[in-house]
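For reference, the chains in residue letters:
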Amino acid sequence: MVTPFNDIRDYVGVPRVASLRLSPDGTRLVSVVQALNPDGKSYGTSLWEIPLDGRRPYRLTRSVKGEAGAAFTADGDLLFGSRRPDPTVKDPDEETPALWLLPAAGGEARQIASRPGGVAGFAAGGRSVVFGSDVLPGDEASEDERRKARKEAGISAILHESSLVRYWDHDLGPGEPRLFAGILGDDDRLTEVRDLTPQPGKALTNASYDVTPDGGTVVTSWVVPLPAGEIRSRLVAIATADAGAQRILAEQDGYDFDGPVKVSPDGRLVACVRSVQADTSRIPETTLWIVDLATGEGHTAGGGLWPSDIAWAPDSRSLYVAADHQGRRPIFQVPADGSEPVRLTGDDAAYLSLNVAPDGAVYALRSAVDRAAGPVRVTAGGTVEELASPAPELELPGTLTEVTATTDDGATVRGWLVLPEGASAENPAPFLLWIHGGPLSSWNDWSWRWNPWIMAQHGYAVLLPDPCLSTGYGSEMIRRGWANWGPRTHADLMSITDAALELPEVDATRTAAMGGSFGGYMANWVAGHTDRFKAIVTHASLWHLDQFAGTTDAPMYWQREFGTPGGELYAGLSPHLSLAEISTPMLVIHGDKDYRVPIGEGLRLWWDLQRSGVESKFLYFPDENHWVLKPGNAVVWYETVLAFLYRYMKPKFGPPKLSGTFDLGSLAPEDSQ
C-alpha cells in the first residue's frame with residue numbers, strides 16, 4: 001500500500017484511474033490513467049489494458065502529448081484522442097488533438113481523422129465513426145488558413161449574438177462545435193468524412209451523443225436558444241449518411257433532455273436524462289428518459305433515481321444506472337418499461353464508468369469516501385469482484401464512520417465523519433466541518449481535489465455532511481432548501497455539527513469550517529451567522545448573489561431559482577449583507593479562470609473583509625479555474641489551508657509538514673504557534 005497523505009507532493013503524484021471502456025465482445029477492458037508528467041508540473045493521461053484473467057495491468061500508449069478518451073469499434077480496434085504528432089505528415093501540428101486508432105490485431109497506432117479545430121469526443125457504431133470538432137463558420141476549404149491568419153494577426157476577439165459566452169473555465173467561440181461522420185475501411189484514415197451538423201451555432205456545446213449499432217444514426221443532445229437569454233436542450237437523431245437532416249426525438253417545455261445519451265444494443269431505444277427547468281417554486285428533478293428511436297414516444301424510468309451514469313443490458317430490456325442514494329452511489333437495474341428499479345450493489349461505494357459485458361456482468365469504477373477509484377466486475381447477482389488496478393492501493397490515516405442528526409423541522413440529516421488515527425476521549429481531534437459544493441451534490445465519493453484524508457493525516461476530524469439540497473435523499477430534501485439556501489442549509493449544518501461534537505473523539509473547543517463553490521457560499525453564510533468556529537476557509541465562493549447572478553457562465557439557470565436580479569430572494573440570501581456580523585478569521589481562495597463563480601466574487605469578498613477589519617488572507621491563483629488542478633498549485637492550496645487552520649486552531653499535534661516552496665508569510669508555522 002502507498003501512504004501519500006503526509007507529504008502533499010507525494011499525494012499529487014499518485015496515479016488516478018479516470019475511466020473504463022469494455023470491448024464489444026467483453027474480452028478487453030481499457031482504462032484512462034492520469035499521472036504526473038516527467039516535468040512534475042502537469043498531468044498527462046495514457047491508456048492501460050486491464051487483463052480480465054488476473055494478470056497485472058500494462059500500459060498501451062506512450063507519448064509526450066498523452067492520450068485521452070477511449071472507445072472500441074465493432075471489430076475491437078481501440079479509438080483514442082491525442083495531440084501526438086503524426087509521423088506520416090511533414091511538419092505536423094502538435095497542438096491540435098486528432099483521432100487515432102490502435103489495431104486489435106497489434107501494430108502501431110495510426111491517425112485516422114484530423115480537423116483544423118481538432119477532434120473532441122468520438123463514438124463508433126458499425127463501420128461508422130462520429131466525432132466532434134470545433135469549426136470556424138465560413139468556407140471549409142479555407143478554415144486552416146483563416147485560423148492561422150487570426151492567430152498571426154493577434155486576434156482573440158469573439159462576437160456573440162446569443163448565450164452562452166463561457167463555460168466553467170473556457171471561452172466559447174469563435175468556432176462552433178459540429179459532428180462529423182466517417183467510414184472505417186481498408187484505408188489508413190476514415191473515408192467519406194462529412195459534416196453532419198452544418199451551421200449548428202451553439203447547439204452542440206457540451207453535447208452528449210451515441211451511435212446506433214449499425215452506424216446509421218447518431219443521437220445527440222441539442223441546445224435551442226429561447227427568448228430573453230434562455231435555452232432548452234432537446235434530443236435529436238441525425239442520419240450519418242444524410243448530413244444536415246435531423247428529427248426531434250424528445251422536446252418539452254420546461255424540461256431539458258441531456259446526456260448521458262445511450263442507444264440500446266438492438267438499436268430500438270435511446271436512454272437519456274430528462275431534467276426539470278426549475279424555478280422559484282418548482283424544484284429541479286432529474287429522471288431517466290426512454291424514447292423509441294423510430295416513433296419518438298417516450299416515458300420515464302427508474303422511479304426517483306437521479307442518474308449519474310447509465311448502460312444498457314445486453315437484451316435491451318433494462319439498464320444499469322448509477323445514482324446517488326443515502327450517501328452512496330449504488331448500481332441499480334432499471335427495467336426499460338418503467339417498472340420499479342432493483343438495487344444491484346449493496347455496499348457503501350460509489351460506482352461510475354459502467355460497461356456491460358455480453359454475459360450481463362457490469363464492469364465499473366468503484367470508489368468511496370475512503371477508497372480511490374479502481375476497476376471491479378459486478379455479477380448479475382450483485383457480487384463485486386475487484387480487478388487489478390493500474391493505480392496503487394492507498395493506506396488511509398484514519399477511519400470512516402456515519403453521523404446522523406434530527407433538524408429543527410424534523411428532517412434527518414446524515415454525513416460521513418473521518419476520524420484520524422489515535423483520536424479518543426483522552427486525545428480528541430480538532431474538528432473541521434467541510435461543506436460540499438453543488439448545491440445538488442453529495443459527499444459519497446472519493447475526491448482527489450477535496451480530500452479529507454490529508455486533513456486526517458494532520459490530526460483533524462472531518463465532517464462531510466449532506467444537508468438539504470443534497471442528492472440521493474428524495475425530492476423533499478431538495479425542496480427544503482430550494483430558493484432558501486442560507487437559512488435552511490445553515491440550520492441543517494449546525495444540527496449535524498452539534499451531533500458530531502458530542503462524540504468523545506472530537507474536540508468541541510477547536511472547530512473550523514470550510515467549503516468550495518456552494519460550500520464556499522455556505523462558509524460565507526456561516527461566517528455571518530455564527531461565531532462558533534475559530535477559522536473559516538472559503539474557496540471559489542459566492543458572496544454578492546446579485547453580482548454573481550449576472551456574471552456567472554450560466555446566468556439563466558440561477559435566475560430561474562432566484563428570480564430577476566435585484567429581487568426579494570437576492571436580498572434575503574446574499575451572504576454579503578451579513579458582513580457586519582463577521583468576526584471569524586477567514587481564508588479566501590479563488591482562481592482567476594473560474595467562470596462558474598467569477599473572480600469578482602473573491603475580490604469583492606476580500607475587499608469587504610479588509611475594509612471591515614476582519615482578520616483575513618487571500619490565496620489567489622491567476623492561472624487556475626474553479627478547482628485548482630495544477631500539481632504545484634494543489635500543493636500550495638493544501639499547505640496554505642493547513643497553515644491557516646493551524647494558526648487559529650492551536651492543535652496539540654504540532655505544525656503541519658510543509659514543503660517550503662511557497663512563501664506563507666505570517667502563516668508560516670514558526671509564526672503561528
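This one's a predicted model, so the numbers in the text were calculated from it and none came from an experiment.

1. Digging into the pattern of salt bridges
Then, in step 1: In the structure shown here, the tally under the stated rule is 43 salt bridges.
Then, in step 2: The residue Arg 532 makes a salt bridge to Asp 498 at a minimum N-O spacing of 2.8 Å. Of the two residues, Arg 532 sits in the loop between α6 (518-529) and β36 (535-539) while Asp 498 sits in helix α5 (residues 485-501), which places them 34 residues apart along the sequence.
Then, in step 3: With relative accessibility at 30%, the residue Arg 532 sits in the partly exposed group.
Then, in step 4: Take Asp 498: its relative accessible area is 36%, and that puts it in the partly exposed class.

2. Brief notes about the sheet that holds strand β20 (residues 269-276)
Strand pairs in the sheet, formed through backbone hydrogen bonds, run parallel or antiparallel to each other.
Then, in step 1: The strand order β19-β20-β21-β22 describes an open sheet built from four strands, whose pairing is antiparallel. Of all strands in the sheet, those with a lone pairing partner are β19 (255-263) and β22 (298-301), marking the two edges. Pairs of neighbouring strands in the sheet enclose a mean axial angle of 35 degrees, with direction left out of account.
Then, in step 2: Inspection of the sheet shows strand β21 (residues 286-292) paired to β22 by four bridges, in the antiparallel sense. When the bridges of β22 are listed, Leu 288 appears paired with Ala 301.

3. Some remarks on the side chain of Glu 49
Then, in step 1: Along the polypeptide, Glu 49 turns up in strand β3 (residues 43-49).
Then, in step 2: Accessibility expressed as a relative area gives 6% for Glu 49, which makes it buried.
Then, in step 3: The residues touching Glu 49, leaving out its near neighbours within four places in the chain, are Arg 28, Leu 29, Val 30, Pro 57, Tyr 58 and Leu 60.

4. Overview of empty space enclosed by the protein
Then, in step 1: Scanning the model with the defined rule gives two cavities of 30 Å³ or more in all.
Then, in step 2: Considering only enclosed or pocket space, the largest cavity measures out at about 40 Å³ in volume.
Then, in step 3: Lining the largest cavity, in full, are Val 14, Pro 15, Arg 16, Val 17, Ala 372, Ala 373, Ala 391, Pro 392, Leu 394 and Trp 448.
Then, in step 4: At the level of secondary structure, the elements contributing two or more residues to the lining of the largest cavity comprise β1 (16-22) and β29 (371-378).
Then, in step 5: The residue makeup of the lining of the largest cavity, split by class, is nine nonpolar, no polar and one charged.
Then, in step 6: The calculated volume of the second largest cavity comes to roughly 30 Å³.
Then, in step 7: If you trace the second largest cavity, you find it lined by Asn 6, Asp 7, Ile 8, Arg 9, Glu 639, Lys 657, Leu 658 and Ser 659.

5. Looking at the packing of α5 against α6
Then, in step 1: It is at 10 Å that the axes of α5 and α6 come closest, and there the two elements cross at 80 degrees. Taken as axis vectors, α5 and α6 run roughly perpendicular relative to one another. Contacts from Trp 485, Gly 486, Pro 487, Thr 489, His 490, Leu 493 and Met 494 of α5 reach α6 at Phe 518, Tyr 521, Met 522, Trp 525, Val 526 and His 529.
Then, in step 2: Broken down by class, the residue content of the contact of α5 with α6 amounts to nine nonpolar, four polar and no charged.

6. Description of the pairing of β36
Then, in step 1: In terms of residue burial, β36 counts as a mostly covered element, since five of its five residues are buried.
Then, in step 2: Residues Ala 535, Val 537 and His 539 line one face of β36 and the alternating positions Ile 536 and Thr 538 line the opposite face, and both faces are buried.
Then, in step 3: In this structure, strand β35 (residues 506-516) lies alongside β36, joined through five bridges in parallel fashion. Residue pairing for β36: Ala 513 is matched across the bridge by Ile 536.

7. Thoughts on the packing of aromatic side chains
Then, in step 1: One pass over the full model with this rule turns up 26 aromatic pairs.
Then, in step 2: Ring geometry for Phe 257 versus Trp 289: centroids 5.6 Å apart, planes at 70 degrees, classification edge-to-face. Residue Phe 257 is found in strand β19, and its partner Trp 289 is found in strand β21; the two are separated by 32 residues along the sequence.
Then, in step 3: Pairwise contacts between aromatic rings join Trp 485, Phe 518, Tyr 521, Trp 525, Phe 548, Tyr 557, Trp 558, Phe 562 and Tyr 570 into one cluster.
Then, in step 4: The cationic tip of Arg 166 hangs over the ring face of Tyr 595; the distance from NZ or CZ to the ring centre is 3.8 Å.

8. Regarding the side chain of Thr 220
Then, in step 1: The topology assignment puts Thr 220 in strand β16 (residues 217-225).
Then, in step 2: At 3.4 Å, the side chain of Thr 220 and the backbone oxygen of Ser 208 are in polar contact.
Then, in step 3: Those residues in contact with Thr 220 that sit more than four places away from it in its chain are Leu 179, Leu 204, Ala 207, Ser 208, Tyr 209, Arg 234, Leu 235, Val 236 and Ile 238.

9. Section: the nonpolar core
Then, in step 1: Among the nonpolar cores identified, the biggest contains 55 residues, and Phe 431, Leu 433, Trp 485, Tyr 521, Phe 533, Ile 536 and Leu 609 are the most heavily contacted of them.
Then, in step 2: Discounting residues that sit within four places of it in the chain, Tyr 521 has contacts with Trp 485, Gly 486, Ser 541, Leu 542, Leu 573 and Pro 575.
Then, in step 3: Counting 46 residues, the second largest nonpolar core, distinct from the first, contains Val 12, Val 369, Trp 448 and Val 641.

10. Digging into unusual backbone geometry
Then, in step 1: Leu 164 follows Ser 163 through a cis peptide bond whose omega is 5 degrees.
Then, in step 2: Along the chain, the position of Leu 164 falls in the loop between α2 (143-152) and β11 (166-167).
Then, in step 3: Gly 438 connects to Pro 439 through a cis peptide bond whose omega is 5 degrees.
Then, in step 4: Following the sequence through the fold, Pro 439 ends up in the loop between β33 (429-435) and α3 (452-457).
Then, in step 5: Despite not being glycine, Ser 316 has its phi angle at roughly 65 degrees, a positive value.
Then, in step 6: As for its position among the elements, Ser 316 is in the loop between β23 (307-312) and β24 (318-323).
Then, in step 7: A relative accessible area of 2% means that Ser 316 is categorised as buried.
Then, in step 8: Even without being a glycine, Lys 650 presents a positive backbone phi close to 50 degrees.
Then, in step 9: Within the secondary structure, Lys 650 sits in the segment after α11 (631-649).

Thresholds applied
Residues numbered from 1 in each chain as written. Predicted model: local features only at pLDDT ≥ 70, side-chain atom pairs only at ≥ 80, totals over all residues. Heavy atoms only, no water. Salt bridge = Lys/Arg side-chain N within 4 Å of Asp/Glu carboxyl O. Helix = DSSP H or I, 4+ residues; strand = E, 2+ residues; numbered from the N terminus. Buried < 20%, exposed > 50% of the residue type's maximum accessible area, 1.4 Å probe, protein only. Pairing = 2+ DSSP bridges. Axes fitted to C-alpha atoms, helices over the stretch in contact; angles between N-to-C directions. Contact = heavy atoms within 4.5 Å. 1 Å grid on protein atoms, 1.4 Å probe; cavity = no way out; pocket = protein on both sides within 12 Å on 5 of 7 lines; lining within 4 Å. Points joined across faces, edges and corners; volume = space filled by probe spheres on them. Nonpolar A, V, L, I, M, F, W, Y, C, P; charged D, E, K, R; others polar. Parallel < 35°, antiparallel > 145°, perpendicular 65-115°, else oblique. Phe/Tyr/Trp six-rings, centres within 6.5 Å; stacked < 30°, edge-to-face > 60°. Lys NZ or Arg CZ within 6 Å of the ring centre and 35° of its normal. Polar contact = N/O pair within 3.5 Å; in protein donor to acceptor, adjacent residues only side chain to side chain. Core = buried A, V, L, I, M, F, W, Y, C linked by side-chain atoms within 4.5 Å.

So, to be careful, I would describe these as geometric facts and stop short of saying anything about function.
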